[in-house]
Amino acid sequence: YNNGRKIVRDSNGTIHLLYSSSTSGANGDIYHVAMPSGSDNLISNVSSSSEVNDASSSLAIDSSNNLHAVWGDGTPGAWQNIWFRKYTSSASTWGSTRTRLNTAGKYGSNPTVLASGANVYALWYGAENSPASVGLCMNYSTDSGSTWAGSAEKKAISGTGTVLDADIDSSSDL
């Protein structure tokens, strides 16, 4: 289960939605639907990868109407990766590359993303330090997702909860 935002509205009134579907065969992918006011819906594939069961997506929008998407993949026999991709509103397209936000070989699930100005924050439930140490993990960018600081486990979480939620205040603090 992921409670990350999956629907946002830009300053032009266009509604943007992320969803997971396995319409491309056995592999589930993350899709973006743009619903401009008075126009046909536009659908594009965000994850477009060979991973199996891309799911648990989250969507954020910044002040320039750029979209920031994160999702997890469920590749059998492997740790779940947390991915990021940016949609640039001025080009009306998703960037050509996707970025892994968690450390390769480390577990992550249920990501959520937030954006404020050029700051983008991704949080997920996972294990960065060791498989036995599960906690709140995060990675952040100060340049709209072009580069990332590197993932880190910030706080150990006890229990079985895996639902994360966060927000950014008026000072752009997480």
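Rules and cut-offs
Residues numbered from 1 in each chain as written. Predicted model: local features only at pLDDT ≥ 70, side-chain atom pairs only at ≥ 80, totals over all residues. Heavy atoms only, no water. Pairing = 2+ DSSP bridges. Helix = DSSP H or I, 4+ residues; strand = E, 2+ residues; numbered from the N terminus. Axes fitted to C-alpha atoms, helices over the stretch in contact; angles between N-to-C directions. Core = buried A, V, L, I, M, F, W, Y, C linked by side-chain atoms within 4.5 Å. Buried < 20%, exposed > 50% of the residue type's maximum accessible area, 1.4 Å probe, protein only. 1 Å grid on protein atoms, 1.4 Å probe; cavity = no way out; pocket = protein on both sides within 12 Å on 5 of 7 lines; lining within 4 Å. Points joined across faces, edges and corners; volume = space filled by probe spheres on them. Nonpolar A, V, L, I, M, F, W, Y, C, P; charged D, E, K, R; others polar. Polar contact = N/O pair within 3.5 Å; in protein donor to acceptor, adjacent residues only side chain to side chain. Phe/Tyr/Trp six-rings, centres within 6.5 Å; stacked < 30°, edge-to-face > 60°.

A. Quick look at the sheet that holds strand 2 (residues 15-21). Strand order in the open sheet made by the 4 strands is 1-2-3-4, with antiparallel pairing throughout. At either end of the open sheet lies a strand with only one pairing partner, and these are strand 1 (7-9) and strand 4 (42-45). Ignoring which end each strand starts from, the neighbouring axes of this sheet average 20° apart. Bridging between strand 2 and strand 3 (residues 29-35) involves 7 bridges; their strand directions are antiparallel. Paired with Y19 across the bridge in strand 3 is Y31.

B. Expanded view of the nonpolar core. Among the nonpolar cores identified, the biggest contains 12 residues, and these are A60, V70, I82, F84, L101, V113, A115, V120, A122, W124, C137 and W148. Listed by contribution, the elements that provide at least two residues to this core are strand 7 (82-88), strand 10 (107-116) and strand 11 (119-130). Examining the composition of this core, we find that 3 residues originate from one element, strand 11, more than from any other. Grouped together as the second largest cluster of nonpolar side chains are 11 residues, L18, I30, W83 and W94 included.

C. Fine view of the layout of surface pockets. Estimated volume of the largest pocket: approximately 220 Å³. Lining the largest pocket are 14 residues, and of these H16, A34, L42, Y87 and S92 sit closest to its centre. Secondary structure elements with two or more residues in the lining of the largest pocket: strand 3 and strand 4. Ranked by residue count, the leading element in the lining of the largest pocket is strand 4, at 3 residues. A breakdown of the residues in the lining of the largest pocket according to their chemical character gives 5 nonpolar, 8 polar and 1 charged.

D. Summary view of the environment of R85. Within the secondary structure layout, R85 lies in strand 7. Remark: the alpha-carbon pair of R85 and S96, spanning 11 residues in sequence, is separated by 8.4 Å. Among the polar contacts listed, one links the side chain of R85 to the backbone oxygen of G95, at a separation of 2.7 Å.

E. Molecular detail of the packing of aromatic side chains. Considering all chains together, one arrives at 3 aromatic pairs under this definition. On the basis of an interplanar angle of 25° and a centroid distance of 5.6 Å, the ring pair of Y19 and Y31 is categorised as stacked. In this pair, Y19 is assigned in strand 2 and Y31 in strand 3, connecting sequence segments 12 residues apart. Residue classification places Y19 among the partly exposed positions, given a relative accessible area of 30%. With centroids separated by 4.9 Å and ring planes inclined at 65°, the aromatic side chains of F84 and W148 adopt a geometry described as edge-to-face. Of this pair, F84 sits in strand 7 while W148 sits in the loop between strand 12 (133-141) and strand 13 (152-156), placing them 64 residues apart in sequence.

Such coordinate-based values are descriptive only and should not be taken to indicate function.
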